[in-house]
Amino acid sequence: MIRINDIIDKISEYDSDADLSIIDRAYIYSARVHEGQVRLSGEPYLSHPLEVAGILANMKLDPVSVVSGLLHDVIEDTRATPEEIRELFGPEVSHIVLGVTKLSSLPVSSSRARQAESIRRMILAMADDIRVILIKLADRLHNMRTLQYHLPGKRKEIAQETLDIYAPIAARLGIYWMKYELEEASFEYLQPDEYAKIESLVSKSRAERRKYIETVKGFIQKKMDEDKLKCEILGRNKTVYSIYQKMISQNLTFEEIYDITAFRIILATVPQCYEALGLVHSLWKPIDHKFKDYIGRPKPNMYQSLHTTVIGPFGERIEIQIRTWEMDKIANSGIAAHWSYKEGKRIDENISSKFAWIQNLVENQENFRDPAEFLENVRIDLFPDEVYVFTPRGEIKTLPRGATAIDFAYIIHTEVGNQCTGAKVNGRLIPLPYELETGDIVEIITSKSSHPSKDWLKFVKTVKARSKIRHWIKTQEKERSITLGREMCEKAFRKEKLNFNTLVKSEKMMDVVEHFGFKAVDDLIANVGYGKITPLQVVRKFTPKSEEEEEDNESIFNKLMGRVRKKKLKAGVLVKGVDDILIKFGKCCQPLPGDFIIGYITRGYGVTVHRTTCVNALRMNPERQIEVEWNQEANETYPVRIRIVSQDRVGLLADVVSNISKFGANILNAKTETRENKIVDSYFTIVVEDTTHLEKILSAVKKVKFVQDVKRIG
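Numbers given for residues are sequential positions, taken from 1 along each chain in its written order. Local features are withheld for residues below a pLDDT of 70 in this predicted model, meaning they are given only at 70 or higher, and side-chain atom pairs are given and counted only at 80 or more; totals for whole chains, interfaces and linings count all residues. For side-chain calculations, the full set of non-hydrogen atoms in the structure is used, while hydrogens and water are omitted.

J.: Looking at this structure, how should I read the overall build of the protein chain?
T.: Helix and strand counts for the protein chain stand at 31 helices and 21 strands. Only protein chains enter the accessibility calculation, which uses a 1.4 Å probe. A residue is then buried if its area is under 20% of the maximum for its type, exposed if over 50%, and partly exposed in between. Burial status across the protein chain gives 50% buried among its 714 residues. Here the analysis covers contacts within the protein chain between residues at least 6 apart in sequence; of these, 66% occur between residues at least 24 apart. About 35,200 Å² of surface is accessible on the protein chain, with carbon and sulfur atoms providing 50% of the total. Numbered from the N terminus, helices here are DSSP runs of H or I no shorter than four residues, and strands are runs of E no shorter than two. We call two residues in contact whenever any of their non-hydrogen atoms come within 4.5 Å of each other. Note on areas: these come from Shrake-Rupley sampling with a 1.4 Å probe, and a residue is covered only by the protein chains present in the view.

Shown next, in the form of structure tokens:
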């Protein structure tokens, strides 16, 4: 366990004017209030805030941040109060500690809703004070270092969240060393077999790789010395997780990956960087499309460097980064390298503008209340591989790779996006799904009579474009549904010799609106048009019938489903508050018990069940959404598609089939394709009971000799 004296010594080294007494007082206070508490490892709980404070000190953060790290759990886990923290340590520390606490104390029942709300609060906290998220990242990093003390299920849950959210946030803040450590730890817990396999392969070639690094460094150093360029050259192996990602994304075996080692050249000035780039390119042939100039166009997290890939001395690819010492410092520390919180000041305006993406993240997410949709869009926002394009006036706009002219139009203004009819790129008309590239000059053609198309949702990449398009469609659908709902109600009321247009203005109608849980009459009528409520249900509130008749008409789907109601209930899924409804499963995502699911009403076809992360489900109108849940008492099996990537060998298919069959899973369909490089893609449709059953099968297949990857698809 790190000692408080070690932390104080570190701070003294980089900030000789720091108030060290407040850190000592925070340590004593934290030790007192946490006394008697222990972690799952059996260590005193105090070890955790000390380690968090140590991480923050290693990042060279200000004393207020370190103090807040020591106290980050006291409000949540002890009898300490915000008022007491404020009185003892000042308003700044109190504000930060309270911000971190709010990220943990969530009164939400569903685990998915809880995760979504936690991330939402984290985004808001980043916009309010970056230090809150830095402490949360340090907290998560230490928790990942001690994750082995949790139960296996909890380990996977924490590791997945870390990989999805915390590692990308660390990357976007430019703290790459933390990103790599979080990714490595998450990968080790999520896919232990794959991690062990790649780690073993890397270890076997470590001695040979060290020799290779020294050889390449020698070539580069000699070239730099010839031109009297003083520099430092570093060589490092890529992380296990990044190697795995490359193997999967490019369908390569470990042996086929040549650029496992990357090199870095660090110099004094920017002109020297470009000079060194020219020398490297004169030494080895560059690969054109692999060159990136992040000095001329820095990343939003302030990262700057020249990236090039060349054909090395032995015919292999070599990745080389060239940067100054200052750039290297920023590349390692991100925002911490430009810290300006001393003496109670906030981040200066220059740094705030560099992190404008945080405010964009806040604005993009505030319209998404559905947890699954919110989490999906956060992931999109946190994984940007940017392209830089220009307006006709020469302004630079940053967009995620794969973005289209529609995305560009919505970045300019919502009305420009809504009225877009076409676009010109570099003076030529292009189809709207065309993917923009760095350097493109984009001109949007608009018309006041134009409006968004639902088809745009198939190719837009930015959250802003998607949310604005869906908002427009939702508004239009609501208007159509109000018109349809009004017609249906008028017809149903006439049958009962009642005047709907008169009754709709009555106090009785407001009582009916409240009964169905709405705030306005238009909302009730729209839901009749959507099909969530039948006009007969509304009429019955004005013409009370016998209990028997009420019971017959209670289901909201009587008219909606027609003959569908006579179909037999599929016992695997239950629709909240409704019985005897036809259930269909989305073929696009093939949900299994254990998946988070949502239902969508389809007129005349019952309810279609999708996984909450299904792309098709996210595109559907949320007004047609209905809550569904797995029936725990059901004993059914479900089809699911899996893809297996492996090297070809005799008996491969027999071994794979054997491992699937020994778990009692029936194979409905099988298809294999062998590529030129002897890599085999095998696609199976198998029948399983739930996600746990599937995980066991996938784990068994992964152990088959020469199998590289196994995953569920759809």
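J.: Where do I start with empty space enclosed by the protein in this structure?
T.: Any space left empty among the atoms is revealed by the rolling of a water-sized probe across them. Definitions used throughout: a 1 Å grid over protein atoms alone; a cavity as a set of points that fits a 1.4 Å probe which cannot get out; a pocket as an open set with protein on both sides within 12 Å along at least five of seven lines; a lining residue as one with an atom within 4 Å of a point. Grid points are joined across faces, edges and corners, and a volume is the space filled by probe spheres set on the points. In the structure shown here, the tally under the stated rule is one cavity of 30 Å³ or more. Approximately 60 Å³ is the volume attributed to the largest cavity. The element that contributes the greatest number of residues to the lining of the largest cavity is helix 14 (residues 240-249), accounting for three residues.

J.: What am I meant to see in the sheet that holds strand 14 (residues 597-602) here?
T.: Strand pairing in a sheet takes place through backbone hydrogen bonds and is either antiparallel or parallel in direction. Only when DSSP finds a minimum of two bridges between them are two strands counted as paired. Spatial strand order, 13-15-14-16: four strands in an open sheet with mixed pairing. The open sheet is flanked by strand 13 (583-585) and strand 16 (625-626), the only strands paired with a single partner.

J.: Is there a simple way to explain the environment of I444 in this structure?
T.: In this structure, I444 sits in strand 11 (residues 442-446). Taking the C-alpha atoms as reference points, I444 and G422, 22 residues apart in sequence, are found 6.3 Å from one another. For I444, the residues in contact, after removing those within four places along its chain, are A405, F408, A409, V416, C420, G422 and A423.

J.: Explain the environment of K285 to me, please; I cannot follow it from the model alone.
T.: Mapping K285 onto the fold places it in strand 3 (residues 285-286). Assessed through its relative accessible area of 63%, K285 is described here as exposed. When neighbours within four sequence positions are excluded, K285 is seen to be in contact with T309, V310 and I311.

J.: Teacher, can you tell me more about the sheet that holds strand 18 (residues 638-647) here?
T.: Taken together, four strands build an open sheet; the order of strands is 19-20-18-21 and the sheet is antiparallel. The outermost strands of the open sheet, each flanked by one partner alone, are strand 19 (666-674) and strand 21 (707-713). Averaged over all neighbouring strand pairs, the angle between strand axes comes to 20°, with direction disregarded. Relative to strand 20 (residues 679-688), strand 18 runs antiparallel, the two being bridged by ten bridges. Counted as the bridge partner of Y638 is V688 from strand 20. Structural elements are reduced to axes, namely lines fitted to C-alpha atoms, with helices fitted over the stretch in contact, and the angle between N-to-C directions of any two is expressed from 0 to 180 degrees. This element, helix 30 (residues 652-661), spans strand 18, strand 19, strand 20 and strand 21 of the sheet and lies at about 20° to strand 20.

J.: Looking at this model, I keep getting lost on helix 11 (residues 176-190). Mind explaining?
T.: Residues spaced three or four apart along an α-helix face the same direction, because each turn holds 3.6 residues. Every helix has an expected span of 1.5 Å times one less than the residues it contains. Taking 1.5 Å as the rise per residue, helix 11 with 15 residues should run 21 Å; its terminal C-alpha atoms sit 21 Å apart, in good agreement. Here helix 11 has its buried residues at Y176, M178, K179, L182, E183, E184, A185, S186, F187 and L190. The secondary structure elements touched by the buried residues of helix 11 are helix 3 (47-58), helix 9 (130-145), helix 10 (152-172), helix 12 (192-204), helix 14 and helix 16 (325-333).

J.: Which parts of the structure should I look at to understand the nonpolar core?
T.: In summary, soluble globular proteins display a tendency toward joint burial of nonpolar side chains. Here, nonpolar core refers to any group of buried Ala, Val, Leu, Ile, Met, Phe, Trp, Tyr and Cys residues whose side-chain atoms link them within 4.5 Å. Core analysis: the largest hydrophobic core is formed by 71 residues, its most contacted members being I7, L71, F89 and M178. The greatest single-element share of this core, amounting to nine residues, is contributed by helix 9. I583, I597, I642 and I686 belong to the second-largest nonpolar core, a separate cluster that totals 31 residues.

J.: In this structure, what is going on with helix 22 (residues 463-495)? I would like to understand it.
T.: With 33 residues, helix 22 should cover 48 Å at 1.5 Å per step; its first-to-last C-alpha distance of 47 Å lies within 8% of that length. Where helix 22 ends, the next residue or the one after it, K497, has phi of about 60°, a positive value.

J.: Can you help me understand the packing of helix 10 against helix 11 in this one?
T.: For any two helices packed against each other, one specifies the crossing angle of their axes together with the interaxial distance. Contact geometry of helix 10 with helix 11 gives a least axis separation of 9 Å together with a crossing angle of 160°. Here helix 10 is positioned roughly antiparallel relative to helix 11, judged by the angle of their axes. When the axes of helix 10 and helix 11 are compared, the crossing they make is left-handed. Along its contact with helix 10, which presents R155, K156, A159, Q160, T162, L163, Y166, A167, A170 and A171, the element helix 11 presents Y176, M178, K179, L182, E183, S186, Y189 and L190. The classification used treats Ala, Val, Leu, Ile, Met, Phe, Trp, Tyr, Cys and Pro as nonpolar, Asp, Glu, Lys and Arg as charged, and all other residues, Gly among them, as polar. Among the residues making up the contact of helix 10 with helix 11, the classes are represented as eleven nonpolar, three polar and four charged. For this classification, under 35 degrees means roughly parallel, over 145 means roughly antiparallel, 65 to 115 means roughly perpendicular, and everything else is oblique. Note: crossing handedness is left-handed where the near helix turns anticlockwise from the far helix by less than a right angle, and right-handed where it turns clockwise.

J.: So what exactly am I meant to see when it comes to the pairing of strand 9 (residues 420-425) here?
T.: Every other side chain in a regular strand lies on the same face of the sheet, so the side chains alternate between the two faces. Summarising the sheet, strand 9 and strand 11 pair through five bridges and their orientation is antiparallel. Within strand 11, the residue paired with A423 across the bridge is I444. As judged from the three bridges shared by strand 9 and strand 10 (residues 428-430), these two strands associate in the antiparallel manner. Bridge pairing links A423 to I430 in strand 10. The turn joining strand 9 and strand 10, which pair antiparallel and follow one another in sequence, is formed by two residues; a positive phi near 55° is taken by N426.

J.: Explain the pattern of salt bridges here, please?
T.: Side chains that carry opposite charge are capable of pairing whenever their charged atoms lie near each other. When a carboxyl oxygen of Asp or Glu lies within 4 Å of a side-chain nitrogen of Lys or Arg, that pair is called a salt bridge. For the structure shown, the criterion picks out 22 salt bridges. E214 serves as the salt-bridge partner of K217, at 3.8 Å between the closest nitrogen and oxygen. Pair noted here: K217 and E214 are both in helix 13 (residues 206-226), with a separation of three residues, about one helical turn. Given a relative accessible area of 22%, K217 falls into the partly exposed group. Put simply, D681 and R675 hold a salt bridge, and the shortest N to O gap is 3.0 Å.

J.: Please explain the packing of helix 9 against helix 11 as it appears in this structure.
T.: Running from N to C, helix 9 and helix 11 point in directions that differ by 35°, and their axes come no closer than 10 Å. Helix-helix and strand crossings are classified by hand; for helix 9 and helix 11 the assignment is left-handed. Counting all contacts with helix 9, which are made through L137, A138, R140, L141, M144 and R145, the residues of helix 11 involved are W177, M178, E181, L182, A185, S186 and Y189. Split by residue class, the contact of helix 9 with helix 11 holds nine nonpolar, one polar and three charged.

J.: I tried to follow the confidence of the model for the protein chain on my own but got confused; where do I start?
T.: As a note on interpretation, predicted positions should not be read in detail where pLDDT is low. Looking at the protein chain, pLDDT values average 81 and 83% of them are 70 or higher. Within a predicted model, pLDDT stands for the predictor's per-residue confidence, ranging from 0 to 100. When the elements of the protein chain are averaged for pLDDT, helix 27 (residues 547-552) gives the smallest value, 46, and helix 15 (residues 270-283) the largest, 94. In this model, residues 339-352 is a region of pLDDT below 50 whose contacts with residues beyond four sequence positions or in other chains number 27 contacts.

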